[in-house]
Amino acid sequence: MRISLIVAAVLAALVAGVVWWWHATFVRVPDRVMVGASGEARLRQFLAAERFAERMGLPAKELRSLPDVDGLAPGGVLLMPRRRQALDTPRRERILGWVQAGGHLIAEAEAVGVADPLFDALAVRRVDATWVGNPLSVPFADGATLKVAQRGRVALEPPTGRLQIRAASGESVRLASFSRGRGMVTVASSLDFARNLQIGEPDHAEFLWRLMRATPATHVAVYWRPARLSLWGFLNENAFAVLAAGAALLALWLWRIAPRFGPVAPDAPPARRRLLDHLRASGRYYWALDLRERLLIAARDAALRRVLRAQPEFAAARPQERAARLAALAGVSVEEAQRLLDAGGAIRGAAFIQVIQTAQRVHAALERGNR
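These numbers come from a predicted model, not from an experiment.

Peer 1: Help me out: how do you make sense of the overall build of the protein chain in this one?
Peer 2: When its secondary structure is counted, the protein chain shows 14 helices and 11 strands. Each principal axis of the C-alpha atoms in the protein chain carries an extent, and together these give about 140 × 100 × 50 Å. In the protein chain, buried positions account for 33% of the 371 residues. The contacts in the protein chain between residues at least 6 apart in sequence include a share of 63% that link residues at least 24 apart. For the protein chain, the exposed area adds up to about 24,200 Å²; of that, 59% sits on carbon and sulfur atoms. Charged side chains in the protein chain number 51 positive and 33 negative. The centres of these two groups are separated by 7 Å.

Peer 1: Looking at this structure, how should I read the packing of helix 10 (residues 275-288) against helix 11 (residues 292-310)?
Peer 2: The description of two packed helices rests on the angle between their axes and on the distance between the axes. Between helix 10 and helix 11, whose axes approach to 7 Å, the crossing angle comes to 135°. Here helix 10 lies oblique to helix 11, going by the angle between them. Residue-level inspection shows G283, Y286 and W287 of helix 10 in contact with helix 11, the latter providing R292, R294 and L295. Residues that form the contact of helix 10 with helix 11 fall into these classes: three nonpolar, one polar and two charged.

Peer 1: Is there a simple way to think about helix 7 (residues 204-212) in this case?
Peer 2: Owing to its 3.6 residues per turn, the α-helix aligns residues three or four sequence positions apart on the same side. The complete set of buried residues in helix 7 reads H204, F207, L208, L211 and M212. Viewed end-on, helix 7 has its buried residues packed into an arc of 140°, placing them on one side of the element.

Peer 1: So what exactly am I meant to see when it comes to the nonpolar core here?
Peer 2: Considering soluble globular proteins, one finds that nonpolar side chains tend to be buried as a cluster. Counting residues in each nonpolar core, the largest one holds 32 residues, and the members touching the most others are F46, L79, I165, F193, F207, L208 and V220. Among the elements of the structure, helix 3 (47-55), strand 2 (77-80), strand 5 (136-139), strand 6 (145-148), strand 8 (165-169), strand 10 (183-188), helix 7 and strand 11 (220-223) are those that each provide at least two residues to this core. The element contributing the most residues to this core is helix 7, with four residues. Once residues within four sequence positions are removed from consideration, F207 is found in contact with V138, F140, L146, V148, I165, L175 and F193. Counting residues in hydrophobic clusters, the runner-up holds 27 residues, among them V69, L78, W98 and L156.

Peer 1: Help me out: how do you make sense of a nonpolar patch on the surface in this one?
Peer 2: Together, I3, I6, V7, V10, L11 and L14 line one region of the surface with nonpolar side chains, adding up to about 590 Å² of accessible area. Mapped onto the secondary structure, L14 falls in helix 1 (residues 2-25). Overall, L14 belongs to the exposed group, its relative accessible area being 51%.

Peer 1: Just to check I follow, could you spell out the side chain of T186 for this structure?
Peer 2: Inspection of the secondary structure puts T186 in strand 10. We classify T186 as buried; its relative accessible area is 1%. At 2.8 Å, the side chain of T186 and the side chain of H104 are in polar contact. If we ignore the near neighbours within four places in the chain, the residues touching T186 are H104, L105, I106, A107, L175, A176, S177 and L211.

Peer 1: I would appreciate a short explanation of the packing of aromatic side chains in the present structure.
Peer 2: The geometry of an aromatic ring pair is captured by two quantities: the separation of the ring centres and the angle between the planes. Per the stated rule, a full pass over the model turns up five aromatic pairs. Pairing W21 with F26 gives two aromatic rings, centres 5.8 Å apart and planes at 90°, and the pair type is edge-to-face. Take W21: its relative accessible area is 46%, and that puts it in the partly exposed class. The class for F26 is partly exposed, based on a relative accessible area of 43%. Aromatic pair F193 and F207: ring centres 5.2 Å apart, planes at 75°, arrangement edge-to-face. Within this pair, whereas F193 is found in the loop between strand 10 and helix 7, its partner F207 is found in helix 7, the two being separated by 14 residues in sequence. Classification of F193 as buried rests on a relative accessible area of 1%. Note on F207: relative accessible area 0%, which makes it buried. By the ring-pair criterion, three or more aromatic residues cluster together here, those being W21, W22 and F26. Over the aromatic face of F140 sits the side chain of R210, whose NZ or CZ is 4.7 Å from the ring centroid.

Rules of the game
- Residues numbered from 1 in each chain as written.
- Predicted model: local features only at pLDDT ≥ 70, side-chain atom pairs only at ≥ 80, totals over all residues.
- Heavy atoms only, no water.
- Helix = DSSP H or I, 4+ residues; strand = E, 2+ residues; numbered from the N terminus.
- Buried < 20%, exposed > 50% of the residue type's maximum accessible area, 1.4 Å probe, protein only.
- Contact = heavy atoms within 4.5 Å.
- Areas by Shrake-Rupley, 256 points an atom, 1.4 Å probe, with all protein chains shown as cover.
- Lys, Arg positive; Asp, Glu negative; His and termini not counted.
- Charge placed at Lys NZ, Arg CZ, Asp CG, Glu CD.
- Axes fitted to C-alpha atoms, helices over the stretch in contact; angles between N-to-C directions.
- Parallel < 35°, antiparallel > 145°, perpendicular 65-115°, else oblique.
- Nonpolar A, V, L, I, M, F, W, Y, C, P; charged D, E, K, R; others polar.
- Arc of directions from axis to C-beta.
- Core = buried A, V, L, I, M, F, W, Y, C linked by side-chain atoms within 4.5 Å.
- Patch = residues over 30% accessible without salt bridge, like charges linked within 9 Å, V, L, I, M, F, W, Y side chains within 5 Å.
- Salt bridge = Lys/Arg side-chain N within 4 Å of Asp/Glu carboxyl O.
- Polar contact = N/O pair within 3.5 Å; in protein donor to acceptor, adjacent residues only side chain to side chain.
- Phe/Tyr/Trp six-rings, centres within 6.5 Å; stacked < 30°, edge-to-face > 60°.
- Lys NZ or Arg CZ within 6 Å of the ring centre and 35° of its normal.

See the structure below:
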C-alpha cells in the first residue's frame with residue numbers, strides 16, 4: 001500500500017513539474033497567418049480601393065464590359081492597370097478626350113517588350129532599369145512626403161519635365177503626374193499600392209487619396225480587364241459540376257452503345273407465323289381503318305354458308321322462319337338472330353361484338369351437331 005502511494009505521489013509531482021515548466025517556458029502570443037483573398041476580393045484586385053473611395057465620399061464602380069468605357073462620366077478618376085490590350089483605337093481616343101475634358105487617368109505601365117498603345121498615345125516611353133524593392137519617397141507641394149512601393153524594373157520617361165508629382169529611384173522615374181488639357185494623367189510602373197494586398201501598407205491609402213483629389217473628381221472607376229460575354233465561360237464558372245457530370249454521362253452512354261470486340265452473334269431465325277396470326281393482323285388492320293362492316297359481312301356470310309351446307313332448305317324459308325330457325329340452332333334470341341341476318345353498314349363497337357358472338361355460336365352449334 002505504501003509503495004503504491006509513493007509511486008502515485010512521484011507521478012503527480014512529475015506531472016505538476018511538467019505543467020509548471022510548460023507555463024514558465026512557453027508564452028501564448030498572437031500571430032498573423034496569410035490566408036489569401038477570398039470571395040469577391042479574389043476576383044477584383046482593386047475592391048479595397050473602391051471601398052476606400054466610397055468611405056471617403058467618392059462613388060466607385062468597376063467597368064465590367066468594354067461598352068462601359070464609352071460611357072465615362074466627366075470629371076472622374078479612372079484606374080487602368082496593365083493588360084488592357086482589348087482597348088481598340090477609337091476607345092483609346094475617347095479616353096484621351098475624356099482626360100482633356102477634365103478627367104484624371106491613373107495608368108499602370110505594361111512590361112517592357114509588351115505593346116502599350118495607351119502609353120504610346122500619351123508619349124510616355126518605357127525603359128528597362130534596375131530593380132527597385134524599397135518604397136520611394138514622393139514629395140508634395142504642401143511639404144508632405146509619402147512612401148510608395150514601386151517594385152519592378154520598368155522606368156518611365158514622361159513627355160514633360162514639369163511634373164506635378166514625381167517618384168524616382170536615382171534618375172529613373174517610376175511614377176509621374178502631368179497635366180493634359182483640363183485633366184491630369186498619372187503614369188506608374190506599378191499600381192500595387194492601390195491593390196488589395198498592399199493598400200493597407202503605411203502611406204499607400206493616403207497617397208491614393210491624394211491622387212484622387214489631385215483634380216476635382218466626382219467619382220472613381222476601375223478598368224479591370226472587361227471580358228467579352230461568353231456562354232462557355234459563364235457555364236465553366238457557374239456550372240462546372242453540371243458540365244462534368246454531363247460529360248461523364250455522355251462518355252458512359254457512348255461506351256454503352258459502342259460495338260463490343262469479338263465475333264458477331266448470328267441473327268435468330270425468323271419465327272413462322274400461324275394462320276391465326278395473319279387473320280388477327282388483318283382484322284386489326286380493318287378495325288384501325290374503321291372498316292368494321294367488311295368484317296361483319298364476312299362473318300355473317302361464313303356463318304350462313306355453314307348453315308346452308310347443314311340445312312339446304314334454310315335458303316327457301318321465309319325471313320321470319322329463318323330468324324327463328326337460326327335462333328333455335330344457336331341458342332340465342334330471335335332479335336339477335338335477326339341482327340345477324342341484317343348485318344351490314346355502319347355499326348358501333350358494342351353491337352359489332354354482339355353480332356360476331358352470335359356468328360360464333362352458330363359455328364359452335366354446327367360443330368356440336370357434326371359430332
